[in-house]
Amino acid sequence: MNKVTDLFPDKEPKKEKQIKLEELLESCLHCDFELKSSKIYQRYRICPNCNYHFSISARRRLATLIDKNSFNETSKWVQSLDPIEFSPRISYRVRLVQDKIRTGLNEAIITGTCRIDDREVVMIVIDSSFLGGSMGVVVGEKVTLALELAKRKKIPCICAVSSSGTRLQEGVFSLLQMAKTSFAVRSLKDANIPFITILSNPTTGQIFSSFASLSDIIISEPNAQIGFSSLGEITEFDKNKKNYPHTSETFIKFGQIDKILNRNKIKTNLSLLLDLLSPNHTVSSIKIRKENIKKNLPYKSPEEIIKLSRNKNRPKSRYYIENIFTNFFELHGDRISYDDQSIITGIGKISGISVMIIAQEKSEKNIKRKSSSGAQSGEITPSGFRKATRAINLAELFKIPLVSFVDTPGPALGMEMEKLGLSNSVSNMIDQIGKVNTPSISLIIGEGGSEAALAFSITDKVLMLENAIYTPIIPEKGAKTEMKDQNKISEIAESLKLTASDCLDSGIIDKIISEPRDGAHSNPSETSKLLKITLSNELFAINKIHIKTLRNRRKKKYRNIGEFGSKFLQTVKTESKIFQAGIKASIKALREN
């Protein structure tokens with residue numbers, strides 16, 4: 001039995017008289033600030049004093065997000081037919097009519113195509129003023145139709161959500177919409193089409209627990225009540241008063257959303273994102289000035305290079321990101337448990353090419369931190385590795401190159417890290433970055449320490465700054481283990497072959513990037529320019545190669561590292577032939593004598 005009306009009925013439903021929902025307030029309900037003369041309140045319903053975001057209707061939300069006169073509504077007349085004839089107190093049909101009259105909407109959802117700064121998208125807007133914005137058969141159907149439309153048209157889909165509760169009046173039919181919409185999101189992901197969701201107050205229940213949380217990028221308004229359970233349910237079941245508030249600020253801290261933005265900033269950021277996710281422009285390589293090319297690197301001892309790589313003034317990843325890339329849009333969280341601040345992920349542009357960036361960021365705390373052996377220890381947690389892995393998967397989804405910055409002594413250690421799955425998170429990241437179906441480049445800019453460095457540098461091209469290091473173990477720890485004295489760092493450093501020159505000779509890295517004479521810290525601006533030029537040229541070259549070729553080369557490269565390959569065998573055969581020829585010549589000479 002079909003519970004959804006035809007999309008294009010012969011007769012349109014009778015238009016009900018609409019009640020104005022958004023009366024202008026004279027003062028803020030939250031801080032009592034006068035709102036009469038506030039332009040930001042009149043347009044966006046934001047208090048300019050306390051930044052409180054008032055609820056807005058679906059139509060007003062559309063007006064704040066899209067280009068004027070660009071919206072074409074789709075599936076307009078899809079309406080519910082009361083699938084289980086629910087009427088214990090008030091008939092469901094009566095409730096639907098009441099909310100239609102009150103809101104001027106046919107359902108809790110509006111869908112259609114529109115433009116944001118002249119870029120076409122499919123838009124979904126869910127309004128909590130209509131039956132709480134809950135998801136029934138019609139909401140589920142219209143969400144699915146909109147996602148399918150985005151897939152057919154091959155354009156991004158943007159969803160603005162305000163929803164709470166369950167459409168219990170439709171029974172299990174309502175519950176099953178979670179599966180229906182989730183399948184539609186998966187189909188969109190399989191087609192490599194971006195799906196972005198904007199959360200507002202409140203966003204809880206079935207919608208947040210299905211297609212909204214499956215979005216590639218999630219943006220939230222400030223202090224929005226979001227989660228699986230409503231605030232009332234949380235209060236009822238969780239008696240611990242020390243818990244974090246049920247808001248977007250808590251959810252970004254624990255890795256569940258990407259960004260918190262004021263309502264008046266969302267359109268600008270959506271436009272930025274759509275530009276970053278649009279097809280890359282064709283760029284040409286950049287010529288490197290002759291004075292920036294060093295044919296022979298000046299000799300420095302490994303111990304000197306270790307000290308330079310750890311210099312407290314040495315530029316860190318965030319500095320390079322800010323100075324190399326434009327329009328950087330940072331992403332947060334691993335979507336599981338936490339947002340590790342020692343890992344930066346996001347999308348940016350360099351020379352017209354959009355790239356996904358994953359970067360290790362040393363903190364001052366990390367620089368000063370010491371382990372029991374007296375050596376530095378890392379601070380990248382399992383959440384940090386999962387956060388980077390998520391970014392790797394998004395790079396493949398959006399079909400943009402991956403750029404990785406390496407600068408860490410290693411992962412955070414301890415029993416707590418083990419319980420959180422350190423080994424699994426590292427191994428899973430190694431697996432994902434190794435098989436990623438997009439071009440990848442890594443830059444070792446400081447300390448490339450142990451498993452944490454490896455997980456970020458299994459890429460098609462590995463570049464290394466002149467005074468960076470790449471080592472399987474913290475040198476002090478290696479000295480203590482091998483020399484029984486952690487101060488004998490010079491001896492162990494020489495043997496570890498950890499300098500850029502050593503790594504290039506071994507075939508572990510592909511190129512060394514020069515630094516200013518006294519090190520990157522002496523002229524960070526010049527170092528970032530050199531990095532930008534080299535990275536742009538490498539991206540230009542690597543984008544010319546088919547992805548299947550890149551993957552095969554990547555696999556072959558790491559398969560052959562540490563193996564006595566054909567070159568070694570050929571050398572053995574040549575020496576064997578020379579040896580045999582020598583023996584034959586000696587025997588012949590003896591016979592002749």
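Predicted model only: the values in this text are computed from it and were never measured. Per chain, residues are indexed from 1 in the order of the written sequence. Under the rules for a predicted model, residues below a pLDDT of 70 receive no local features and side-chain atom pairs below 80 are neither given nor counted, while totals for whole chains, interfaces and linings still include all residues. Excluded from the side-chain calculations are hydrogens and water; all other atoms, namely the structure's heavy atoms, are used.

Focus: the overall build of the chain
Going along the chain from the N terminus, every DSSP run of H or I of four or more residues is numbered as a helix, and every run of E of two or more is numbered as a strand. For the chain, the count of helices and strands is 22 helices and 16 strands. Across the 593 residues in the chain, those meeting the buried criterion constitute 51%. Any two residues having at least one pair of non-hydrogen atoms within 4.5 Å are treated as being in contact. Across the chain, the fraction of contacts at a sequence separation of at least 24, relative to all contacts at a separation of at least 6, is 74%. Per-residue accessibility takes into account occlusion by the displayed protein chains alone, with areas from the Shrake-Rupley method and a 1.4 Å probe. Carbon and sulfur atoms form 52% of the exposed surface of the chain, whose accessible area is close to 29500 Å². Note on classification: 1.4 Å probe, protein chains only; a residue is buried when its accessible area is under 20% of the maximum for its type, exposed when over 50%, partly exposed between these limits.

Quick notes on the side chain of Ser457
Among the secondary structure elements, Ser457 is positioned in the loop between helix H16 (450–456) and strand S14 (461–465). Every residue in contact with Ser457, bar those within four places of it in the chain, is listed here: Val406, Ser442, Val462, Tyr470 and Tyr558.

What about the state of the cysteines?
Put simply, a disulfide is two cysteine sulfurs that come within 2.5 Å. Here the structure, examined in full by the defined rule, presents zero disulfides. Cysteine Cys31 remains unbridged, with the sulfur of Cys50 as its closest cysteine sulfur at 3.7 Å. Relative accessible area serves as the criterion here: at 28%, Cys31 is assigned to the partly exposed category. There is no disulfide at Cys50, and the cysteine sulfur nearest it, in Cys47, is 3.6 Å away. Among the residues examined, Cys50 registers a relative accessible area of 28% and is labelled partly exposed.

Some remarks on unusual backbone geometry
At the junction of Asn201 and Pro202, the peptide bond is cis and its omega measures out at -5° in the coordinates. With respect to the element layout, Pro202 can be found in strand S5 (residues 195–204). For Ser75, which is not glycine, the phi dihedral falls at a positive 50°. Of the residues examined, Ser75 reaches a relative accessible area of 15% and is grouped as buried.

A closer look at the packing of helix H13 (residues 382–398) against helix H15 (residues 422–435)
Contact geometry of H13 with H15 gives a least axis separation of 9 Å together with a crossing angle of 20°. In terms of axis orientation, H13 runs roughly parallel to H15. Handedness of the H13/H15 crossing: left-handed. Where H13 approaches H15, its residues Pro382, Phe385, Arg386, Ala388, Thr389, Ile392, Asn393 and Glu396 are matched on the opposing element by Leu422, Ser425, Val426, Asn428, Met429, Gln432, Ile433 and Lys435. Axes, fitted as lines to C-alpha atoms, cover a helix only where it is in contact. Angles between the N-to-C directions of the axes lie from 0 to 180 degrees. Here is the rule for angles: anything less than 35 degrees is roughly parallel, anything more than 145 is roughly antiparallel, 65 through 115 is roughly perpendicular, and the remaining ranges are oblique. Handedness of a crossing follows from how the near helix is turned relative to the far one, being left-handed for an anticlockwise turn of less than a right angle and right-handed for a clockwise one.

Brief notes about the nonpolar core
Buried residues of nine kinds, namely Ala, Val, Leu, Ile, Met, Phe, Trp, Tyr and Cys, make up a nonpolar core once their side-chain atoms join them within 4.5 Å. Core analysis: the biggest nonpolar cluster contains 119 residues, and Phe325, Met356 and Phe405 have the highest contact counts within it. Mapped onto the domain boundaries, this core takes at least three residues apiece from domain 1 (57–230 + 244–276) and domain 2 (299–366 + 375–552). Among all residues touching Met356, those that are not within four sequence positions of it are Leu331, Gly346, Ile347, Ala391, Leu394, Ala395, Phe398, Ile400, Pro401, Leu402 and Val403. Counting residues in hydrophobic clusters, the runner-up holds eight residues, among them Leu199, Ala224, Ile226 and Phe251. Domain borders in the structure are assigned automatically or taken from a domain database.

Let's talk about the environment of Ala388
Position of Ala388 relative to the elements: it lies in helix H13. Sequence spacing of Ala388 and Thr345 is 43 residues, and the spatial spacing of their C-alpha atoms is 6.7 Å. Filtering out sequence-adjacent residues up to four positions away, Ala388 remains in contact with Ile343, Thr345, Ile358, Met429 and Phe456.

Describing a nonpolar patch on the surface
Together, Val172, Leu175 and Leu176 line one region of the surface with nonpolar side chains, adding up to about 290 Å² of accessible area. Inspection of the secondary structure puts Val172 in helix H5 (residues 171–190). Within the patch definition used here, like charges are joined within 9 Å and nonpolar side chains (Val, Leu, Ile, Met, Phe, Trp, Tyr) within 5 Å, considering only residues with over 30% relative accessible area and no salt bridge. Each reported salt bridge corresponds to a side-chain nitrogen of Lys or Arg within 4 Å of a carboxyl oxygen of Asp or Glu.

Quick look at the environment of Val138
Mapping Val138 onto the fold places it in helix H4 (residues 137–153). Among the residues examined, Val138 registers a relative accessible area of 0% and is labelled buried. In the structure, Val138 is positioned 39 residues away from Gln177 in sequence and 9.1 Å away in space, judged by C-alpha atoms.

Quick look at the pairing of strand S6 (residues 217–220)
Side chains Ile217 and Ile219 project from S6 onto one buried face, and the interleaved Ile218 and Ser220 project onto a second face that is buried too. Strand direction decides the pairing type here: S5 and S6, joined by four bridges, are parallel. In the strand pairing of S6, Leu199 is matched with Ser220. Alignment of S6 against strand S8 (residues 259–260), held across two bridges, turns out to be parallel. Its bridge partner lying in S8, Ile219 is registered against Lys259. Two strands are counted as paired when DSSP detects at least two bridges linking them.

Points about the confidence of the model for the chain
Keep in mind that low pLDDT regions are not for reading the predicted coordinates in detail. Averaged over all residues, the pLDDT of the chain is 84; the fraction at 70 or higher stands at 82%. Residue-level confidence of the predictor, termed pLDDT, takes values from 0 up to 100. Predicted confidence for residues 371–376 stays below pLDDT 50, and this span has 16 contacts to residues more than four positions away or in other chains.

A few points about the packing of aromatic side chains
Centres within 6.5 Å make a pair out of two Phe, Tyr or Trp rings, where for Trp the six-membered ring is used; the pair is then stacked when the planes are under 30 degrees apart, edge-to-face when over 60, and tilted otherwise. The full count for this structure, using the stated rule, is eight aromatic pairs. On the basis of an interplanar angle of 70° and a centroid distance of 6.3 Å, the ring pair of Phe254 and Tyr338 is categorised as edge-to-face. In this pair, Phe254 sits in the loop between helix H8 (248–253) and S8 while Tyr338 sits in the loop between strand S9 (326–331) and strand S10 (343–350), placing the two residues 84 residues apart along the sequence. Geometrically, the ring pair formed by Phe385 and Phe456 is tilted, given 6.3 Å between the ring centres and 55° between the ring planes. Of this pair, Phe385 sits in helix H13 while Phe456 sits in helix H16, placing them 71 residues apart in sequence. Our definition puts a charge over a ring when NZ of Lys or CZ of Arg is within 6 Å of the ring centre and also within 35 degrees of the ring normal. For Arg45, the ring lying beneath its charged end belongs to Tyr41, and the centroid distance is 5.4 Å. A cation over a ring is seen here: Lys259 above Phe329, with NZ or CZ 4.7 Å from the ring centre.

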